[in-house]
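For reference, the chains in residue letters:
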Amino acid sequence: MKRLFFILSCVLILLTIVSATVFLTLIHGGKIKQNSKDYTFLRNGDLVLRRGRSAESFVVYLFDNNRDYSHIGVVVIENQVPYIIHVVPDRPGLVRKDSPEAFLSYENASHFKIIRSDFQPLKLDFVASSAMSFYTRHLSFDNKYDLSTDNELYCTELVIKAFKSSNINFPDISPQKIQVLLGTFAVIMPSSFLENSHFTTIQSW
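About the thresholds
- Residues numbered from 1 in each chain as written.
- Predicted model: local features only at pLDDT ≥ 70, side-chain atom pairs only at ≥ 80, totals over all residues.
- Heavy atoms only, no water.
- Helix = DSSP H or I, 4+ residues; strand = E, 2+ residues; numbered from the N terminus.
- Pairing = 2+ DSSP bridges.
- Axes fitted to C-alpha atoms, helices over the stretch in contact; angles between N-to-C directions.
- Contact = heavy atoms within 4.5 Å.
- Core = buried A, V, L, I, M, F, W, Y, C linked by side-chain atoms within 4.5 Å.
- Buried < 20%, exposed > 50% of the residue type's maximum accessible area, 1.4 Å probe, protein only.

Engineer: Residues and numbers for the environment of aspartate 90, please.
Structural biologist: Within the secondary structure layout, aspartate 90 lies in the loop between β3 (81-87) and β4 (95-98). Note: C-alpha distance between aspartate 90 and phenylalanine 141 (51 residues apart in sequence) is 8.5 Å.

As structure tokens, then:
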């Protein structure tokens, strides 16, 4: 029994090392070396997906069927300047308002994709306003990945609830069950929005 446990442990460690090696190779294969792009084309309610370089991104990479992107945020236009509202489990783990340059910097992203929906502009303005309210209310990251609570959010939950506030629902987007050492969680993956018919890619890198 002990021998079997030892063998299984070795196999698990080996698989983890191989997966990590593949992940690191992929994220460094398409580096955004300089982020001097013009983001004035962004509109309220656009979604920006990125493949991150953090440990959390690696977890998403392991469990998401579409492994191209590990994080997502909502575009908000404030005084004609675009920002991205999103939340990550860093310190202090609060909803953030970052410039596109910061969100897609070399330290934070190796690839990105920007998608736009076909909903009416007025509805998308309200989506952006709701996302901004999450930021001004200093909501924190939801470590339990619980969609039933509104005082904490994870990245895709933030997007879902920003659109829901404008009476826009996505019945075809559902959580995916993942099992980790801390337990089993039902999590909506960022790639879910790429597969939704309402969204079209307008830029990627």
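Still to come is the rest of the account.
Engineer: Any chance you could break down the sheet that holds β3 for me, citing the residues and the numbers?
Structural biologist: Taken in spatial order, the six strands make up an open sheet running β4-β3-β2-β1-β5-β10, and their pairing is antiparallel. Two strands lie at the open edges of the sheet, namely β4 and β10 (199-204), each paired on one side alone. Strand after strand, the sheet turns through a mean of 30° between neighbouring axes, direction not considered. Two elements, strand β2 (residues 71-78) and β3, share five bridges in a ladder whose sense is antiparallel. Of the residues in β3, the one forming a bridge with glutamate 78 is valine 81. The sheet contacts of helix α4 (residues 121-136) involve β2, β3, β4 and β5 (111-117), and relative to β2 the element is tilted by about 105°. Contacting β1 (47-51), β2, β3, β4, β5 and β10, helix α5 (residues 155-164) crosses the sheet at an angle of about 45° to β2.

Engineer: Before we move on, can you summarise the nonpolar core with the specific residues and values?
Structural biologist: Residues Leu47, Val95, Leu158, Phe163, Phe170 and Phe193 are the most contacted members of the largest nonpolar core, which totals 37 residues. Looking at this core, the elements with two or more residues in it are β1, β2, β3, α4, α5 and β9 (183-187). Among residues more than four places away in sequence, those in contact with leucine 158 are Val74, Ile85, His86, Val87, Val95, Ala131, Phe134 and Leu153. In terms of nonpolar packing, the next biggest core, distinct from the first, is built from ten residues, Tyr39, Ile84, Phe103 and Phe112 among them.

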